[in-house]
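# Coordinate analysis (summary)
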Amino acid sequence: MCFSVHHIRRYKCCRKIKDTVQKLASDHKDIHSSVSRVGKAIDRNFDSEICGVVSDAVWDSREKQQQTLQMAILEHLYQQGMLSVAEELCQESTLNVDLDFKQPFLELNRILEALHEQDLGPALEWAVSHRQRLLELNSSLEFKLHRLQFIRLLAGGPEKQLEALSYARHFQPFAHVHQREIQVMMGSLVYLQLGLEKSPYCHLLDNSHWAEICETFTRDACSLLGLSVESPLSVSFASGCVALPVLMNIKAVMEQRQCSGVWSHKDELPIEIELGMKCWYHSVFACPILRQQTSDSNPPIKLICGHVISRDALNKLINGGKLKCPYCPMEQNPADGKRIIF
């Protein structure tokens, strides 16, 4: 009887182990099937010959490409505030970068770090020193900085009321443009004794103003200094991710039809690739006569009658030293055409 009970227990244990092993094998089979498909998906979606999408003749020398890429990475690091990494790259790549290139990024990052710590001093000092150029850009940066400083004084309660009133004189140069906003801030003084956070002006204490001032400073400062708000490397990478699959398809078509000489210039693509509104940085003009996009060597020309065509089209339409507009019967001197810069 004892032997029989022991035998049954052993049988149940072996059966349980066998079932467990079978379940593990079944699960592993499902996982193995999924993993095996990953390799095929990689081979199907990734081209190992990406560098071959464009002929080497289109681009500059390899040394020039490497230097351009290193400078793009360096600018990205400076723009993102990773100054120590940028300096390390300069040393390891032996890039010769002078102080004039670094200085705008160093200054912007110093001011942005202060703004993140809610210190308005460096930003205000910078805005005042560049006041005239900011006004030419129709920038409201200086006013927004003074407004935020005024709000900080309001947040200090009744004890800061006199100081806030005294500081309000900074709004005088902006009264004709920001009159309504100044009225709102001055009206908030009525509720200072009761507590601004419980008043109709509680929105003035919203922390979102700090994020807004950082964005405004970055945008206006970059515009004033001739820098890109977004990292050119990030924009190029994002654009490349969109354009690369299309270019790979074009390469395959060119190879199939044996027309590899179609794309031979680095300043244009064989087809138009839509990158979306985010990547629209300037206007593009296509000549209505030749159906070609204008360029530095073939700029748009405005005729006396107001119509605009490309220079190549203008040259082809000249007859006997005179030009007749293709859209109206007005005859004119080709030399009277004016180049347009968008």
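I will try to describe carefully the structure that is included in this document. (Residues numbered from 1 in each chain as written. Predicted model: local features only at pLDDT ≥ 70, side-chain atom pairs only at ≥ 80, totals over all residues. Heavy atoms only, no water.)

Moving on to the sheet that holds strand β5 (residues 331-332). One open sheet holds the 3 strands; their spatial order is β3-β4-β5, and the pairing between them is antiparallel. Edge positions in the sheet fall to β3 (318-319) and β5, since each has one partner strand and no second. Examined bridge by bridge, strand β4 (residues 322-324) and β5 share 2 bridges and lie antiparallel to one another. Pairing of K324 across the sheet is with E331, part of β5. (Pairing = 2+ DSSP bridges. Helix = DSSP H or I, 4+ residues; strand = E, 2+ residues; numbered from the N terminus.)

A separate point is the nonpolar core. Across soluble globular proteins, nonpolar side chains have a tendency to be buried as a group. If you look at the biggest cluster of nonpolar residues, it comprises 38 residues, and the most contacted ones within it are L115, W126, L145, F150, L154, I213 and F217. Secondary structure elements with two or more residues in this core: α4 (99-116), α5 (121-129), α7 (141-155), α8 (161-167), α9 (179-187) and α10 (208-225). Per-element tally for this core: the top contributor is α7, with 8 residues. Residues in contact with F217, not counting those within four places in the same chain, are L108, I111, L112, L115, W126, L141 and C222. The next biggest cluster of nonpolar side chains, apart from the first, holds 9 residues, and it includes C287, L303, A313 and C325. (Core = buried A, V, L, I, M, F, W, Y, C linked by side-chain atoms within 4.5 Å. Buried < 20%, exposed > 50% of the residue type's maximum accessible area, 1.4 Å probe, protein only. Contact = heavy atoms within 4.5 Å.)

Turning our attention to the environment of E113. Tracing the backbone shows E113 in helix α4. The exposure class of E113 is partly exposed, given its relative accessible area of 48%. Residues E113 and C214 lie 101 residues apart in sequence; the distance between their C-alpha atoms is 9.6 Å.

Looking now at the side chain of E142. With respect to the helices and strands, E142 occurs in helix α7. Judged by relative accessible area, E142 falls into the buried class, the value being 5%. A distance of 2.6 Å separates a polar atom in the side chain of E142 from a polar atom in the side chain of R131. Leaving out residues up to four positions away in the same chain, E142 has contacts with L124, A127, V128, R131 and F174. (Polar contact = N/O pair within 3.5 Å; in protein donor to acceptor, adjacent residues only side chain to side chain.)

This part covers unusual backbone geometry. In most cases, non-glycine residues show a negative phi, while peptide bonds are predominantly trans. Even without being a glycine, Q118 presents a positive backbone phi close to 60°. Considering the arrangement of structural elements, one finds Q118 in the loop between α4 and α5. One non-glycine residue, R291, lies in positive phi territory at about 60°. When you line up the elements, R291 lands in the loop between α11 (232-257) and β1 (300-302).

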